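One letter stands for each residue in the lines below.
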Amino acid sequence: ATMELSGCDAVIIRHDADINLAARALKFGLEFNGGATCICPKRIYVASNVAGQLEDRLARLLRTPNLRPKENLKEPAWMNVAARDRIRSLIADAFRAGAYLTAGAFESNGGIGFPIVLAGVAPSQSFLWEDIFAAVTCIIEVVDDNEAIQRANESRFALGAAIFTRDEIVGREMASQMNAGVVTINDLIIPTADARVPFGGRRRSGFGVTRGAEGLLDLTVPKVVTISRSRFRPAFDPPTTIDFSLINAYLTLAHGRAWKTRAGALFSLIQSIFHRSRLFRKESQ
């Protein structure tokens, strides 16, 4: 079985990131399929010196009139009362802990205007550990790359992740340290749609992969067939004194300190091989 069980994806935005690109990507990720996607960005870890820029840019983008029907950015039709109440409860807890609303709205009739973006979220906030199947994300400030990676890896979900940076070498190094099935650098969601790219999760996000060569291999069971053509089967016979001499000569030759000792070991090794071969031929007749 191969299981993909959704996620709570992290996005890391370094101090050198293209903020406009990152904000556009986040907007796309939050609006794609109305936020009903397993790899929707849920946790945004941003360097503190660019956090304000990201908040402002993302807020402006999400307030910009969209060419699509306005209903696409509101509460999705599939959301039921239980899901709505759960989201409102989690967000209320975040507000009490000091978070504030950057984008989105809460309607007087209990409805929610998506996408919801929370900023000022504490790293310990329970909101960060939930798998919310909706366009809800939060911005958490971090001091450096190490904290960002540590925070991103704390989740029990590990489906996808993204890193935004102008330094590709650093981005690759950070990606190698992130516990996620797929890590995109300077992009979001789109690369994972390529049929050549294996896709799957870790931890609570599932196991195994689909697509790509690895996805095909995941659906196979290997069968191993070996053929031994030589009649030489020393393992079938009990060890002899010749075998002990052969092994001792080899160890002395490989690890002896003096060249004279190694030379003597080489002579003994050749003798042992010769005697072992004669013994084998005699036993085979």
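Along each chain, residue indices are assigned from 1 in the same order as the chain's sequence is written. Only residues with pLDDT of at least 70 are given local features in this predicted model, and only at 80 or more are side-chain atom pairs given and counted; all residues enter the totals for whole chains, interfaces and linings. To obtain the side-chain values, all non-hydrogen atoms of the structure were included, while hydrogens and water were left out.

### Quick look at the overall build of the protein chain
Operational definition: For helices the rule is a DSSP run of H or I covering at least 4 residues; for strands it is a run of E covering at least 2, with both sets numbered from the N terminus onward. Each radius of gyration is computed over the set of C-alpha atoms, and the globule rule expresses the reference value as 2.2 Å times the number of residues to the power 0.38. The cut-offs for exposure are 20% and 50% of the maximum accessible area for each residue type, with area from a 1.4 Å probe on protein chains only; residues under the lower value are buried, those over the upper are exposed, and the others partly exposed. Contact between two residues is taken to exist if any of their heavy atoms lie within 4.5 Å; hydrogens are not considered. Each accessible area is a Shrake-Rupley result for a 1.4 Å probe, and residues are judged covered by the shown protein chains and nothing else. Counted as positive: Lys and Arg. Counted as negative: Asp and Glu, with His and the chain ends omitted from the count. Lys charges are placed at NZ, Arg charges at CZ, Asp charges at CG and Glu charges at CD.
Summing up its helical and strand segments, the protein chain has 8 helices and 11 strands in all. By the compact-globule yardstick of 19 Å for 285 residues, the protein chain is too spread out, its C-alpha radius of gyration being 30 Å. The C-alpha extent of the protein chain, read off along each of the three principal axes, is 95 × 40 × 35 Å. Taking all 285 residues of the protein chain together, 40% fall into the buried category. Pairs at least 24 apart in sequence give 64% of the contacts found in the protein chain among residues at least 6 apart. Looking at the protein chain as shown, the accessible area adds up to about 16,400 Å², and 56% of this sits on carbon and sulfur atoms. In the protein chain, the 35 positive side-chain charges and the 29 negative ones have mean positions that sit 10 Å from each other.

### Things to note about the nonpolar core
Heads up, the condition is: In this description, a nonpolar core means a group of buried Ala, Val, Leu, Ile, Met, Phe, Trp, Tyr and Cys residues linked to one another through side-chain atoms lying within 4.5 Å.
In this structure, I12, I13, Y45, L54, I87, F114 and V136 are the most contacted members of the largest nonpolar core, which totals 64 residues. Excluding anything up to four places from it in sequence, L54 contacts I13, I19, A23, L26, I44, V46 and I139.

### What about unusual backbone geometry?
A cis amide bond links F114 with the next residue in sequence, P115, at an omega value of 0°. Turning to its location among the elements, P115 is positioned in strand β5 (residues 112-119). Even without being glycine, I189 reaches a positive phi, approximately 70°. Of note, I189 is situated in the loop between β9 (182-185) and β10 (202-203). Phi at R203 is positive, roughly 50°, even though this residue is not glycine. Looking at the element boundaries, R203 is found in strand β10.

### Digging into the sheet that holds β5
Convention followed: If DSSP finds at least two bridges between two strands, the strands pair. Each axis is a line fitted through C-alpha atoms, taken for helices only over the stretch in contact, and angles between the N-to-C directions span 0 to 180 degrees.
If you walk across this open sheet you meet the 7 strands as β4-β5-β6-β3-β2-β8-β9, and the pairing is mixed. Of all the strands in the sheet, the pair left with one neighbour each is β4 (100-106) and β9. When the angles between neighbouring strand axes are averaged without regard to direction, this sheet yields 15°. Where strand β2 (residues 9-13) and strand β3 (residues 41-47) come together, 5 bridges link them in parallel fashion. Looking at the pairing, I13 lines up with V46 of β3. Each of β4, β5 and β6 (136-142) touches helix α3 (residues 81-96); the most contacted strand, β5, lies at about 25° to it. Of the strands in this sheet, β2, β3 and β6 touch helix α4 (residues 145-152), which is tilted by about 165° from β3.

### Things to note about the environment of V121
Position of V121 relative to the elements: it lies in the loop between β5 and β6. V121 gets classed as buried once you look at its relative accessible area, which sits at 5%. Placed 76 residues apart in sequence, V121 and V197 show a C-alpha to C-alpha distance of 33 Å. Leave out the neighbours within four places in its chain, and V121 touches A99, L128, C138, I139 and I140.

### Details of the packing of aromatic side chains
Just so we agree on the cut-off: Aromatic rings from Phe, Tyr and Trp, taking only the six-membered ring of Trp, are treated as a pair when their centres fall within 6.5 Å; an angle between ring planes under 30 degrees marks them as stacked, one over 60 as edge-to-face, and anything in between as tilted.
Under the defined criterion, the tally for this structure stands at 1 aromatic pair. Aromatic pair F28 and F32: ring centres 5.4 Å apart, planes at 40°, arrangement tilted.

### What about the pattern of salt bridges?
Worth spelling out the cut-off: Just to be clear on terms, a salt bridge is a Lys or Arg side-chain nitrogen sitting within 4 Å of an Asp or Glu carboxyl oxygen.
Evaluated as defined, the whole model comprises 8 salt bridges. R14 is the partner of D145 in a salt bridge, and the nearest nitrogen-oxygen pair spans 2.9 Å. Highlighted residues: D145 in helix α4 and R14 in the loop between β2 and α1 (19-31), separated in sequence by 131 residues. Salt bridges sharing partners connect three or more residues here, namely R14, D16 and D145.

### Regarding the confidence of the model for the protein chain
Put simply, the test is: Each residue carries a pLDDT score, the predictor's own confidence in it, on a scale running from 0 to 100.
For the protein chain, the mean per-residue pLDDT works out to 86, and 92% of the residues sit at or above 70. When mean pLDDT is taken per element in the protein chain, helix α5 (residues 168-177) scores highest with 96 and helix α8 (residues 259-284) scores lowest with 82. A low-confidence stretch, residues 65-73 (pLDDT under 50), is modelled with 10 contacts involving residues beyond four sequence positions or located in other chains.

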